[in-house]
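Here are the chains, one letter per residue:
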Amino acid sequence: SLKSAPAHRCPCSPGPRIVEAMKFALPVAIVLATFGTASVSASLLRRKDSPTEINMGMEYRGEDSFGNTALTPACSKVECGEYSCPTPFELKVDGTCCGYCWAPDHKVAADRHQVVEYNATGFAVEQCEEAPSTCKGPGRNAVRCFKPSCRVGDVPHCATGACCPMCSTR
């Protein structure tokens, strides 16, 4: 009798255990995918925007459904009150919502404040001798003290914990 030769397996074919595992894994994967999709769909269905949220979304959107801009000009909702410009001022509306009153410097004196030397007026005084360190601060004269203008009968006096002298009765 001829014995049949043992069947040789191709090294690339899966073994019987792997085939069984794959048969079990396929239905499990299908069930998980189905429930996962259902739960995502349910959460999307449950999320309903309130009318206020829908309104806000429409108000702040950049484009309409045709791709045209839905943004309003910057000044479209600004309501300007009535005003007039006294002479020599004139109303200017160059790129502003409501305009402003303007006059050239040669018609209206501009405040061209200039810094003067320290104590040029003579009203600056030294800090109190026992002033706290917070008065001294970093740098020169962190807190500047000025000569108090006291009523008749009052004199400048340094109170406890004060940076600068203040008026007090004798």
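A. Seen up close, the state of the cysteines. Enumeration according to the criterion identifies 7 disulfides in this entry. The disulfide partner of Cys 75 is Cys 97, and the gap between their sulfur atoms is 1.8 Å. Taking the torsion about the sulfur-sulfur bond, which here is approximately -75 degrees, the covalent link between Cys 75 and Cys 97 counts as left-handed. Linking Cys 75 in the loop between α2 (51–59) and β1 (90–92) with Cys 97 in the loop between β1 and β2 (100–102), this pair joins segments that are 22 residues apart in sequence.

B. Region of the structure containing unusual backbone geometry. In this model, Thr 87 is joined to Pro 88 through a cis peptide bond whose omega is 10 degrees. One can find Pro 88 in the loop between α2 and β1.

C. View of the packing of aromatic side chains. Using the criterion set out here, one finds 0 aromatic pairs in the structure. The ring centre of Trp 102 lies 4.4 Å from the NZ or CZ of Lys 92, which sits over that ring.

D. Quick peek at the pattern of salt bridges. Evaluation of the coordinates by the stated rule reveals 1 salt bridge. Between Arg 151 and Asp 154 there is a salt bridge, with its nearest N and O atoms 3.2 Å apart. Taking the relative accessible area as the measure of exposure, Asp 154 reaches 14% and is therefore buried.

E. Structural context of a nonpolar patch on the surface. Together, Tyr 83, Leu 91 and Val 93 give the surface a local cluster of nonpolar side chains, amounting to about 300 Å² of exposed area. With respect to the secondary-structure elements, Val 93 resides in the loop between β1 and β2. Classification of Val 93 as exposed rests on a relative accessible area of 53%.

F. A look at the side chain of Asp 154. With respect to the element layout, Asp 154 can be found in strand β5 (residues 154–157). With residues up to four places along the chain from it excluded, the contact list for Asp 154 reads Cys 167, Ser 168 and Thr 169.

G. Quick look at the environment of Gly 161. Note on placement: Gly 161 falls in the loop between β5 and β6 (166–169). With 33 residues separating them in the primary sequence, Gly 161 and Cys 128 have C-alpha atoms 8.9 Å apart.

H. Spotlight on the side chain of Gln 127. When you line up the elements, Gln 127 lands in the loop between β3 (124–125) and α3 (133–136). Within the structure, Gln 127 has its side chain in polar contact with the backbone oxygen of Cys 135 (distance 3.1 Å). For Gln 127, the side chain forms a polar contact with the main-chain oxygen of Val 143, separated by 2.9 Å. If sequence neighbours within four positions are ignored, Gln 127 has contacts with Cys 135, Lys 136, Val 143, Cys 145 and Cys 163.

I. Looking closely at the environment of Cys 150. Inspection of the secondary structure puts Cys 150 in the loop between β4 (145–146) and β5. With 17 residues separating them along the chain, Cys 150 and Cys 167 place their C-alpha atoms 5.5 Å apart.

Here is what the cut-offs are and how they apply
Residues numbered from 1 in each chain as written. Predicted model: local features only at pLDDT ≥ 70, side-chain atom pairs only at ≥ 80, totals over all residues. Heavy atoms only, no water. Disulfide = S-S within 2.5 Å. Helix = DSSP H or I, 4+ residues; strand = E, 2+ residues; numbered from the N terminus. Phe/Tyr/Trp six-rings, centres within 6.5 Å; stacked < 30°, edge-to-face > 60°. Lys NZ or Arg CZ within 6 Å of the ring centre and 35° of its normal. Salt bridge = Lys/Arg side-chain N within 4 Å of Asp/Glu carboxyl O. Buried < 20%, exposed > 50% of the residue type's maximum accessible area, 1.4 Å probe, protein only. Patch = residues over 30% accessible without salt bridge, like charges linked within 9 Å, V, L, I, M, F, W, Y side chains within 5 Å. Areas by Shrake-Rupley, 256 points an atom, 1.4 Å probe, with all protein chains shown as cover. Contact = heavy atoms within 4.5 Å. Polar contact = N/O pair within 3.5 Å; in protein donor to acceptor, adjacent residues only side chain to side chain.

Scope: geometric values only; no functional claims are made or implied.
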